[in-house]
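# Working through the structure, step by step
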Amino acid sequence: MIKNRKMASPFGEEKDHFFMQKALAQAQKAFDKDEVPIGAIVVDALGNIIARGHNLVEKRDTQLAHAEAIALERAGKKIGDWRLEGCWIYVTLEPCSMCMSLIELSRLHGVVFGAHSPLFGYRLDKELSLRVYKKSAVRVIEGVCAEETIHLLKQFFKDKRKKKSE
Ligand SMILES: [Zn+2]
């Protein structure tokens, strides 16, 4: 995995911000459905949004319904190929290891994520490198619109706690 701290995708910094806003809109959709607010979008090599997804774990009763997994499945269906070569995924929170493996297996070019996930992030607190393929060339860019993701997550869990104590 090639890591690019505080750098931009080939689409540029401005576009990264734009796409992350679209992912955040998906996260808001999850929020409105009482799901942990995480959203993702898949962009093709030309910079067209080809799929969107938001967390639906509670609704579907499965961990397979992570925002990234849903967006990747939809992207594959949209282009009629599971090989999402040249595509990028934008996700509001650092992917878990299941989704990161899915991203590698789906042959995406790169991942742009917002905030770090101290609980379920694919790196956890170690610099864990996944070995789905012998050679992995997935680029990772982090920290895009991270504050907005954190704000939304905090709001969600605050509301949850409030509901619990009521
Ligand atoms: Zn995941």
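An account of the accompanying structure is given in this report.

Analysis parameters
Residues numbered from 1 in each chain as written. Predicted model: local features only at pLDDT ≥ 70, side-chain atom pairs only at ≥ 80, totals over all residues. Helix = DSSP H or I, 4+ residues; strand = E, 2+ residues; numbered from the N terminus. Buried ≥ 20, exposed ≤ 12 C-beta atoms within 10 Å, placed from the backbone. Contact = placed C-beta atoms within 7 Å. Axes fitted to C-alpha atoms, helices over the stretch in contact; angles between N-to-C directions. Parallel < 35°, antiparallel > 145°, perpendicular 65-115°, else oblique. Nonpolar A, V, L, I, M, F, W, Y, C, P; charged D, E, K, R; others polar. Expected span 1.5 Å × (residues − 1). Arc of directions from axis to C-beta. Core = buried A, V, L, I, M, F, W, Y, C linked by C-beta atoms within 7 Å. Pairing = 2+ DSSP bridges. Right-handed = clockwise from strand over helix to strand, strands pointing away.

### Examining the overall build of the chain
When helices and strands are tallied, the chain shows five helices and six strands. Every one of the 166 residues in the chain was classed for burial, and the buried ones make up 38%. Counted over contacts in the chain with a minimum sequence separation of 6, partners at least 24 positions apart contribute 61%.

### A word on the packing of helix α1 (residues 13-32) against helix α5 (residues 146-165)
Taken N-terminus to C-terminus, the directions of α1 and α5 make an angle of 0°; their axes are 11 Å apart at the nearest point. Classified by the interaxial angle, the pair formed by α1 and α5 is roughly parallel. From α1, Leu 24, Ala 27, Gln 28 and Phe 31 reach across to α5, where they touch Glu 148, Thr 149, Leu 152 and Phe 156. Across the contact of α1 with α5, the residue classes tally to five nonpolar, two polar and one charged.

### Topic: α5
With 20 residues, α5 should reach 28 Å at 1.5 Å per residue; the first-to-last C-alpha distance of 29 Å fits that figure. Inspection of α5 places Thr 149, Leu 152 and Leu 153 among the buried residues, and these make up the whole buried set. Projected onto a plane normal to the axis of α5, the buried residues spread over an arc of 95° and lie on a single side. Exposed and oriented more than 90 degrees from the buried face of α5 are Glu 147, Lys 154, Gln 155, Lys 158, Arg 161, Lys 162 and Ser 165.

### So, the nonpolar core
Core analysis: the largest hydrophobic core is formed by 44 residues, its most contacted members being Val 42, Ala 71, Ile 89 and Tyr 90. By residue number, the principal contributor to this core is α1, which donates seven residues. Look past the residues within four positions of Tyr 90 in its chain and what remains in contact with it is Phe 19, Met 20, Ala 23, Ala 40, Ile 41, Val 43 and Val 112.

### Structural notes on the pairing of strand β3 (residues 49-54)
Judged from the five bridges that link them, strand β2 (residues 39-43) and β3 form a sheet pairing that is antiparallel. For Gly 39, the partnering residue across the bridge sits in β3 and is His 54.

### Considering the environment of Val 91
Residue placement: Val 91 occurs in strand β4 (residues 88-93). Considering only alpha carbons, one finds Val 91 and Val 144, 53 residues apart in sequence, at a separation of 9.4 Å. If near-sequence neighbours (up to four positions away) are discounted, Val 91 is found in contact with Ala 23, Ala 40, Ala 67, Glu 68, Val 111 and Phe 113.

### Observations concerning the environment of Val 112
Structurally, the position occupied by Val 112 is in strand β5 (residues 110-115). As a C-alpha pair, Val 112 and Thr 92 span 20 residues in sequence and 8.3 Å in three-dimensional space.

### Some words on the pairing of β4
A regular strand places its side chains on the two faces of the sheet in alternate fashion. Judged by how many residues are buried, β4 sits mostly within the fold: six of six residues are covered. Pairing of β2 with β4 involves four bridges; the strand directions are antiparallel. Pairing of Ile 41 across the sheet is with Tyr 90, part of β4. Pairing of β4 with β5, which is carried by five bridges, proceeds in the parallel orientation. Bridging across to β5, Trp 88 finds its partner in Gly 110. Handedness of the crossover is the feature at issue here: the chain leaves β4, passes through helix α4 (residues 97-105), returns alongside β5, and the resulting connection is right-handed.

### Digging into the environment of Val 140
Considering the arrangement of structural elements, one finds Val 140 in strand β6 (residues 139-142). On the basis of neighbour count, Val 140 is assigned to the buried category, with 20 C-beta atoms found within 10 Å. Through-space distance from the C-alpha of Val 140 to that of Met 7 is 9.3 Å; in sequence the pair is 133 residues apart.

Bear in mind that shape data such as this cannot, by itself, settle questions of function.
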